[in-house]
Amino acid sequence: QVQLVESGGGLVQPGGSLRLSCAASGSIFSIYTMGWYRRAPGKQRELVARITSGGSTNYADSVKGRFTISRDDAKNAVYLQMNSLKPEDTAVYYCNADVKTTARVLNDYWGQGTQVTVSS
């Protein structure tokens, strides 16, 4: 099994910054795409950003220029640097990873979520 554990959420004022971290552990053979999703109250979960094993990234239009995703393969970790935060960024943020536990088995894993609240 694979576990994803997020950290770094919290309360921040508009215009502030937060850095989310997610570390994968368990029976990991290799990790492919890693990403961050969020679910705001009353809304569906949406993609925030993702990064491939080759380093290619894509972002939701709403966060382009403000958020940066990165990964550290030596630590099986993915990060989300969030700058210029807005109240509409308030949501539970979830880490996601496509992980091979053996050479043949690829599964999709999710973290438990971390709350980000942007408010004055």
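Just above, that's the structure.
Novice: What am I meant to see in unusual backbone geometry here?
Specialist: Glycine aside, negative phi is the norm for most residues, and most peptide bonds take the trans geometry. One non-glycine residue, Asn76, lies in positive phi territory at about 50 degrees. Within the element layout of this structure, Asn76 appears in the loop between strand 7 (67–72) and strand 8 (77–82). Overall, Asn76 belongs to the partly exposed group, its relative accessible area being 24%. One non-glycine residue, Ser84, adopts positive backbone phi at about 50 degrees.

Novice: Please explain the side chain of Arg38 as it appears in this structure.
Specialist: As for its position among the elements, Arg38 is in strand 4 (residues 30–39). Accessibility expressed as a relative area gives 6% for Arg38, which makes it buried. A polar contact is formed between the side chain of Arg38 and the side chain of Tyr93, at a distance of 2.9 Å. Residues in contact with Arg38, not counting those within four places in the same chain, are Gln44, Arg45, Glu46, Val48, Ser62, Val63, Phe67, Glu88, Asp89, Ala91, Val92 and Tyr93.

Novice: What is the right way to read the state of the cysteines from this model?
Specialist: Structurally, a disulfide amounts to a covalent bond that connects the sulfur atoms of two cysteines. Under the counting rule described, the total for this entry stands at 1 disulfide. Two residues share a disulfide in this structure: Cys22 and Cys95, whose sulfurs sit 2.1 Å from each other. Between Cys22 and Cys95 the disulfide shows an S-S torsion of about -80 degrees. By sign, it is left-handed. Placement of the pair is Cys22 in strand 3 (residues 18–26) and Cys95 in strand 9 (residues 91–100), with a sequence separation of 73 residues. The burial state of Cys22 is the same as that of Cys95; both residues are buried.

Novice: Teacher, can you tell me more about the sheet that holds strand 7 here?
Specialist: Taken in spatial order, the 4 strands of this open sheet run 1-3-8-7, and their pairing is antiparallel. Edge positions in the sheet fall to strand 1 (2–7) and strand 7, since each of these pairs with one other strand and no more. Taking each pair of neighbouring strands and ignoring which way they run, the sheet shows an average axis angle of 15 degrees. Bridge count between strand 7 and strand 8: 6 bridges; the pairing is antiparallel.

Conventions adopted
- Residues numbered from 1 in each chain as written.
- Predicted model: local features only at pLDDT ≥ 70, side-chain atom pairs only at ≥ 80, totals over all residues.
- Heavy atoms only, no water.
- Helix = DSSP H or I, 4+ residues; strand = E, 2+ residues; numbered from the N terminus.
- Buried < 20%, exposed > 50% of the residue type's maximum accessible area, 1.4 Å probe, protein only.
- Polar contact = N/O pair within 3.5 Å; in protein donor to acceptor, adjacent residues only side chain to side chain.
- Contact = heavy atoms within 4.5 Å.
- Disulfide = S-S within 2.5 Å.
- Pairing = 2+ DSSP bridges.
- Axes fitted to C-alpha atoms, helices over the stretch in contact; angles between N-to-C directions.

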